[in-house]
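Structural features, examined
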Amino acid sequence: MQMQPDDLPAEHSMPMQAMDPLAIGIAGAAVVLSAMLFMLKGKKKSVNGSSAVHHNGPSRGPMLILWGSQTGTAEAFASTLQGEARQHGYAARSVDMEDYDAMHELPEEPAKVVFLLATHGEGEPTDNTQSFYEWMKEADDGTLSSVKYTVFGLGNKQYEHYNYMGKWCDRRMKELGAERFFKLGLGDDDDNLEGDFEAWKEALWKQLCPEDSVSHAAPAPNYVAEILPSRSPELKSVESAGA
């Protein structure tokens, strides 16, 4: 015969009433902990993202990022650098070397110029850098005396003329009177090109923007967590009565 609830023995009926407050307490604690974990996860994500860099001062002026790319890597690096430059307060723009009239624009360029140049084949310029390369070879000394620049080259040590374009551009800019405002960077696609670029640009921002704050830890939480008691007063009174 199936037993009805009223037929259950006493040891089964009393805990049914006593466990309700405990279950409510446990459920409440679970909700609070879940909310805490969710908030912390969101804060960690925002810190690891680009919003971790804060620049509250005035604009630092213009920055021109000129890229020479054969497969798209230098172009992608330029896009990344442009975004970070804007976060640091620069009015940055990324421009295909083929779309930049170096002969007429570069000698009077007011912006800090960053060259991201890949080397194609055995020490050759990429297709979109060819016109710039030909003009630079023929330009007169002193032509770029008012220009401030830096260079990051993309190459591969498996080739004889490793990073030729990056090295050549750095040397030729100095010969034409330009002033390098940050060290030459060289990336090796045979090892860790992305890592080389990351290290170089991190050092670049530290030199150009030492006062910008980069937060590596989540800010203090803006919530209050209440620790619920493991047992409710009602449950304790029930246990005392049965002792």
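Computed from a predicted model, the values in this text were never measured in an experiment.

Attention now goes to the nonpolar core. Grouped together as the largest cluster of nonpolar side chains are 26 residues, with contacts concentrated most on Leu106, Phe115, Phe132, Leu144 and Met173. Put simply, the parts of the chain that give this core at least two residues each are strand S2 (61-68), strand S4 (112-120), helix H4 (130-138), strand S6 (148-155) and helix H5 (164-175). With 24 residues, the next largest nonpolar core counts Leu81, Leu154, Phe182 and Leu204 among its residues.

The next thing to look at is the pairing of S2. Within S2, 7 of the 8 residues are buried, leaving the element largely enclosed by the surrounding structure. One ladder, built from 7 bridges, connects S2 with strand S3 (residues 90-96); its direction is parallel. If you follow Leu66 over to S3, its bridge partner there is Val95. In terms of handedness, the path from S2 via helix H2 (residues 73-87) over to S3 forms a crossover that is right-handed. As paired elements, S2 and S4 share 6 bridges and run parallel to each other. The partner of Met63 across the bridge, within S4, is Lys112.

Calculation criteria
Residues numbered from 1 in each chain as written. Predicted model: local features only at pLDDT ≥ 70, side-chain atom pairs only at ≥ 80, totals over all residues. Heavy atoms only, no water. Core = buried A, V, L, I, M, F, W, Y, C linked by side-chain atoms within 4.5 Å. Buried < 20%, exposed > 50% of the residue type's maximum accessible area, 1.4 Å probe, protein only. Helix = DSSP H or I, 4+ residues; strand = E, 2+ residues; numbered from the N terminus. Pairing = 2+ DSSP bridges. Right-handed = clockwise from strand over helix to strand, strands pointing away.

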